[in-house]
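# Structural overview
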Amino acid sequence: MAREEARKVSKADAKHHFALVQRALAAANDAQRDEALGEGFARFGMGFAYALGELARLENTPGPYTALSEESGAFLLRWIGGARLTKRADDDERRVAVGEEMLLMAQGHVRIGGIVARAILSLPEPHPQRDLQRAETLVRQRLGAALNEDDPSSFVSSVIDLLHHGLAAEDEAVSLYEQARQRLPIEGEPQLPRRLNVASLKFHAKLAIEARDAGEASRLKEQSALARQRADGIGAERSSDRELRQSRMLLAMLIDVDESNAAVAATAWAAARSGESVPDDIDRIAAYHEGRRRLELGEHETAAQLFAPLIDAARDDYLDALRDADVQDRGEHFSNLATHHAFALGALGRWDEALRALDAARSLRLRQRAWLRTIPRGRTLLRLERELHAHERGAPLGSTATAATPDRADAGDRMHGQVSRHARVYERYRRLRPQFDAAALVSPGLAEVAAALVEHEAVLSIGSGFRGTLAVLVRHGDREQPSRAQWISEWTHGYWMRVMAGDEARPGWLFAIGAPELGLEHAAVLDGLLAAVDADLGRWIAKAAREFGVRRLTIVAHRYLHLLPFWALPSLSEIEIASAPSLAHLLASRAPRLPSSRRAVIVENPTGDLPLAAAESAAVQSALCGAGFAVERFAHERATEALVAPALRRAGVLHFCGHGRSEPDRDRASALLMHAGAGALSLPGADPLGVLAAAAEAWEEQGDGRRHTNIDGRGRLHEIRRDDGTPLERRLEFSVTGTLWTSYRDGAPLRSAELWSAGDIGVGTRLNRLGVAFLSACETGTGGFEPVIDEYGGLPAALLLAGVGAVVCSLWPVPESLTLLAADLFYRRLAASGDAFDVVTALRESAGTLREMPRDEARARFLAMHEQRLQPAARFMLEAAATRLQGGPERPYAHPVHWAAFFAVGKPQIRFAKGRHHGTTR
């Protein structure tokens, strides 16, 4: 039946077939020919093979069609076997679909089954079609048939597949290898002995790495010995054979972690390179690791030469990544590569290049997405990106209104229905996304940065790695050399992790702000952090600032160092401290911007459990109205994403007074908590998500107490549980932009909200007129805690991407009474600023006032607010806050845990439209 279907070729399909065949025949090289053949099979499956065969049969004598038809057979086996020979984002799913079609046409032939197994295994690990059990069954069926039919070639090939893909059991691997060796050599297949050794080397090297990570010394020794034995069987000469070099790469990885001699490890990595003039991905990985070892050896010139040719390809790979797993892997590689390159250049005194390299990977995808917003097709791309983000969350898609784009098959795509919508959206996104203008993403150098600064202003770029910390200070007037540049070898990545994270006995700052369940005392942990950093780095910065007369310093920090409150360091108390995600962002923030409107939006207490929010909103509204702002207030039930988002498109100021949540390891999931409105989904009751969870049957466990289940007609329900099975939180991903969330205490619902996530804000909201966003919510400024990728994430990054000029947010939890005072002080300065408002100065002055505020003044402020027309709960809490201050320290907010929680990122100065608004407020 499948064979008959393949032969049914419409006139329109025939035209597409012939166009692709002509492309293949006109190809200038093998890669172009493979791309044309790949498109043919990906779109038409085995029907394309039938069309090629028909064209060959029409030739009177064997000609170009016959040759192409014969070549296409070998191509098809390579492609289905896992080789990536097209640029399609849905290539993995299509090769599986074509493989299944070929297997059906071959009536389950075991040799074809082995090839289909390779197609299944080429799918990325989380993919639902990556069925390891079925793949192993197909390979073992071929192995059994080879035994029965005394087919040594198929037997050896099956053993190679079992070893290469890790399908063999550990205790049978040596036996399988020996049985295959006994059947060698095989006439006409001289490559099989080497392929067998390569597959076995890969198998045992992976097991050795697993044993090392598990701390199993004897197993590590045994598997390492087997891997090295197999390496002896493949020779040491340079080769372009991909599987051979892949195995050598694994062996080099094993040697690298076992070998303390950097020169030996560097030589092992060099053996994995092909020596070809055009390097492939294995060449690039091997060159990177060799360069890392050369850097360790102090061979800085060699390291720089190895790293330089890798930068462009690594950057493009990172920017082209679509799936989260690819973003993680490629982002880590590019971030490390850029940092290592900067260290090599810095050691050579090439500081302009070192500064560019240090900044190359910083928030690159954030810059890329900002660039996408400037191009004509940007809106379509953002809609597709929103749908891809929704799929990652598990939201229901399809032909419903939740789908971001129509799902139509392209002309001449017979395999359309065999591919998931998610994969098809990825492919459409890939084809629509333009080639990046590399020049637009190049980081600025010394002269460009210095030219953007004013007198008494400087920028400090800090990067850390396994070789220490680079610190480059650039100030107004610098040209060819920075004002200060230093490589501090003692401040390694490990050193910073100890300072920032602490250890199991004494968890540090990263745990204090990223793991609230530990209940760490923020003040004590912050004291330890500030003391350590001020002694090692703060005094160094302060000395340079005094020497050069720096009064304002912007710090561009590396990875998790952006979570360090530099503005609270004692040595820097006389300097205004700002922060920026990258040097490129810093320069962009200095570009002219249209004045923001004198309209303000106040979001007040969306979850209904913050009594003092009304007092804070009243104080903010009073200051803004006094400065001529028209204020629109969204309180409690009105504080929904559906109402607030449209209002923000006209606003110049957003004040959000509610709850925020930070997802340190999933920055796009960080969110503002809006009013839930669960009734709109016909989910009544005090705990609707609990009702859905109780009715769910099939859960998929993810480890660490996390699991999820798909609920027909509703979406995907996620749950995090304690060890005893009681829930900590649940969330329902119900649409492209919709997430309902509930947290629990002792199994009972504590707080419910609709999450307005960073992912939704970053791809679905345009806030180009919004000058200042003040997030008076806990932990909104932590961003993504990403130890391996140098991307600034979370809510601040999303708001900047959406077009906001400057974002003020908190780095750690702050009591309601304290946020009330901080917001009141900040907006009083905004109201007094006129048309030009310096956000950094206002925030610093507000923090200074709070730090020095006498006890009696703080009490007086609370009691004055107490006299306003507020709900009884708010009046009670204000009176309680004033009472608590009695008998306390004379300066109740002198500790940095109180005054230093808020910081600003983005444009330092915002201009507002002249004049005053006289509209009504709500």
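Residues numbered from 1 in each chain as written. Predicted model: local features only at pLDDT ≥ 70, side-chain atom pairs only at ≥ 80, totals over all residues. Heavy atoms only, no water.

### A short note on the overall build of the protein
The secondary structure content of the protein amounts to 37 helices and 21 strands. The C-alpha atoms of the protein give a radius of gyration of 31 Å, which matches the 29 Å a tight globule of 922 residues would have. When the backbone C-alpha atoms are referred to their principal axes, the protein occupies close to 95 × 65 × 55 Å. Looking at the protein as a whole, 56% of its 922 residues are labelled buried. Here the analysis covers contacts within the protein between residues at least 6 apart in sequence; of these, 70% occur between residues at least 24 apart. Element-wise, carbon and sulfur atoms account for 50% of the exposed surface of the protein, whose accessible area totals about 39,100 Å². (Helix = DSSP H or I, 4+ residues; strand = E, 2+ residues; numbered from the N terminus. Rg over C-alpha atoms; globule rule 2.2 N^0.38 Å. Buried < 20%, exposed > 50% of the residue type's maximum accessible area, 1.4 Å probe, protein only. Contact = heavy atoms within 4.5 Å. Areas by Shrake-Rupley, 256 points an atom, 1.4 Å probe, with all protein chains shown as cover.)

### Section: empty space enclosed by the protein
According to the stated counting rule, one finds 5 cavities of 30 Å³ or more in the structure shown. In this model, the largest cavity occupies a volume close to 170 Å³. Taken together, 18 residues form the lining of the largest cavity, with Ala 557, His 562, Ser 579, Ala 580 and Tyr 792 sitting closest to its centre. Looking at the lining of the largest cavity element by element, the count peaks at 3 residues for strand β5 (residues 576-579). Here the lining of the largest cavity is built from residues that sort into 12 nonpolar, 3 polar and 3 charged. (1 Å grid on protein atoms, 1.4 Å probe; cavity = no way out; pocket = protein on both sides within 12 Å on 5 of 7 lines; lining within 4 Å. Points joined across faces, edges and corners; volume = space filled by probe spheres on them. Nonpolar A, V, L, I, M, F, W, Y, C, P; charged D, E, K, R; others polar.)

### Concerning the sheet that holds strand β10 (residues 671-674)
The antiparallel open sheet is built from 8 strands, whose spatial order is β9-β10-β16-β15-β14-β13-β12-β11. Both outer strands of the open sheet, β9 (660-661) and β11 (700-703), are each paired with one neighbouring strand and no more. Looking at chain direction, β11 and strand β12 (residues 706-711) are connected through 3 bridges and run antiparallel. Among the inter-strand pairings, Glu 701 is bridged to a residue of β12, identified as Arg 707. (Pairing = 2+ DSSP bridges.)

### Considerations on the packing of aromatic side chains
For the structure shown, the criterion picks out 16 aromatic pairs. Between Phe 774 and Tyr 827 the ring centres are 5.7 Å apart and the planes differ by 45°, which places this aromatic pair in the tilted class. One end of the pair, Phe 774, is in strand β17 (residues 772-776); the other, Tyr 827, is in helix α33 (residues 816-831), with 53 residues separating them in the sequence. For Phe 774, a relative accessible area of 1% corresponds to the buried category. Ring-pair connections join several aromatic residues into one group, and the members of that group are Phe 774, Phe 826, Tyr 827, Phe 837 and Phe 902. Its end group placed over the ring of Phe 155, Arg 183 keeps NZ or CZ at 4.0 Å from the ring centre. (Phe/Tyr/Trp six-rings, centres within 6.5 Å; stacked < 30°, edge-to-face > 60°. Lys NZ or Arg CZ within 6 Å of the ring centre and 35° of its normal.)

### Digging into helix α21 (residues 378-393)
Compared with the 22 Å implied by 1.5 Å per residue over 16 residues, the 22 Å span of α21 between its first and last C-alpha is a close match. Once α21 ends, the next one or two residues include Gly 394, with phi positive near 95°. (Expected span 1.5 Å × (residues − 1).)

### So, the confidence of the model for the protein
Per-chain confidence: the protein averages 85 in pLDDT, with 92% of residues scoring 70 or above. Counting interchain partners and residues more than four positions distant, the pLDDT-below-50 stretch residues 399-404 has 11 contacts. (pLDDT = per-residue confidence, 0-100.)

### Description of the state of the cysteines
All told, the structure shown has 0 disulfides when counted by the stated rule. Lacking any disulfide linkage, Cys 625 is separated from the closest cysteine sulfur, that of Cys 657, by 16 Å. A residue is classified by how much of its surface remains accessible, and Cys 625, at 29% relative accessible area, is partly exposed. For Cys 657, a relative accessible area of 4% puts it in the buried group. (Disulfide = S-S within 2.5 Å.)

### Here's the deal with the pairing of strand β1 (residues 457-465)
Among the 9 residues in β1, 9 count as buried, and that is most of the element. Along β1, one buried face is formed by Glu 457, Val 459, Ser 461, Gly 463 and Gly 465 and the opposite face, lined by Ala 458, Leu 460, Ile 462 and Ser 464, is buried too. Sheet topology places β1 next to strand β4 (residues 552-556); 5 bridges connect them, and they run parallel. Counted as the bridge partner of Val 459 is Thr 554 from β4. In terms of strand pairing, β1 meets strand β2 (residues 468-475) through 8 bridges, oriented antiparallel.

### Things to note about the pairing of strand β16 (residues 748-757)
Note that β10 and β16 share 4 bridges and pair antiparallel. Across the sheet, the residue bridging to Ala 671 is Ser 757, located in β16. Note: strand β15 (residues 739-745) against β16, 6 bridges, orientation antiparallel. Bridging from a neighbouring strand, Ser 743 pairs with Arg 751 of β16. Between β15 and the antiparallel strand that follows it, β16, lie 2 residues; Asp 746 among them carries a positive phi value of about 55°.

### Let's talk about the nonpolar core
Counting 132 residues, the largest nonpolar core has Trp 496, Leu 553, Phe 826 and Tyr 827 as the members making the most contacts within it. If you tally residues by element for this core, the top one is helix α26 (residues 522-548), at 13 residues. In this view, Trp 496 contacts Ser 464, Thr 469, Trp 491, Ala 501, Val 533, Leu 537, Tyr 560, Leu 561 and Leu 564; residues no more than four positions away in its chain are not counted. Listed in part, the 57 residues of the second largest apolar core include Leu 167, Ala 168, Ala 180 and Leu 192. (Core = buried A, V, L, I, M, F, W, Y, C linked by side-chain atoms within 4.5 Å.)

### Quick look at the packing of α33 against helix α34 (residues 839-852)
Axis separation between α33 and α34 bottoms out at 9 Å; the angle between their running directions is 130°. Between α33 and α34, the crossing angle belongs to the class labelled oblique. Taken as a pair, α33 and α34 cross one another with a handedness that is right-handed. Contacts from Leu 818, Leu 821, Leu 825, Phe 826 and Arg 829 of α33 reach α34 at Val 839, Ala 842, Leu 843, Glu 845, Ser 846, Thr 849 and Leu 850. The residue inventory of the contact of α33 with α34, partitioned by class, reads 8 nonpolar, 2 polar and 2 charged. (Axes fitted to C-alpha atoms, helices over the stretch in contact; angles between N-to-C directions. Parallel < 35°, antiparallel > 145°, perpendicular 65-115°, else oblique. Left-handed = near helix turned anticlockwise from the far one by under 90°.)

### Things to note about unusual backbone geometry
Geometrically, the link from Leu 184 to Pro 185 is a cis peptide bond, its omega value of 0° lying close to zero. Take Pro 185: it is sitting in the loop between α10 (173-182) and α11 (192-214). Despite not being glycine, His 456 has its phi angle at roughly 70°, a positive value. Within the fold, His 456 resides in the loop between α23 (446-451) and β1. The class of His 456 is partly exposed, set by a relative accessible area of 29%. Unusually for a residue other than glycine, Asp 704 sits at a positive phi of about 55°. Relative to the elements of secondary structure, Asp 704 occurs in the loop between β11 and β12. Asp 704 sits in the exposed class, given a relative accessible area of 77%.

### Comments concerning the packing of helix α17 (residues 311-320) against helix α20 (residues 364-372)
The interhelical angle for the contact between α17 and α20, taken along N-to-C directions, is 65°, at an axis separation of 10 Å. Between α17 and α20 lies a crossing whose hand is right-handed. Note on element contacts: α20 touches α17 through Leu 364, Arg 365 and Gln 368, opposite Arg 315, Tyr 318 and Leu 319. Split by residue class, the contact of α17 with α20 holds 3 nonpolar, 1 polar and 2 charged.

### Some thoughts on the pattern of salt bridges
Tallied over the full model, the rule gives 60 salt bridges. In this structure, the salt-bridge partner of Arg 484 is Glu 547, at a minimum N-O distance of 2.4 Å. Highlighted residues: Arg 484 in strand β3 (residues 484-488) and Glu 547 in helix α26, separated in sequence by 63 residues. Residues participating in the shared-partner salt-bridge network are Glu 39, Arg 43, Arg 88, Asp 90, Arg 94 and Asp 413. (Salt bridge = Lys/Arg side-chain N within 4 Å of Asp/Glu carboxyl O.)

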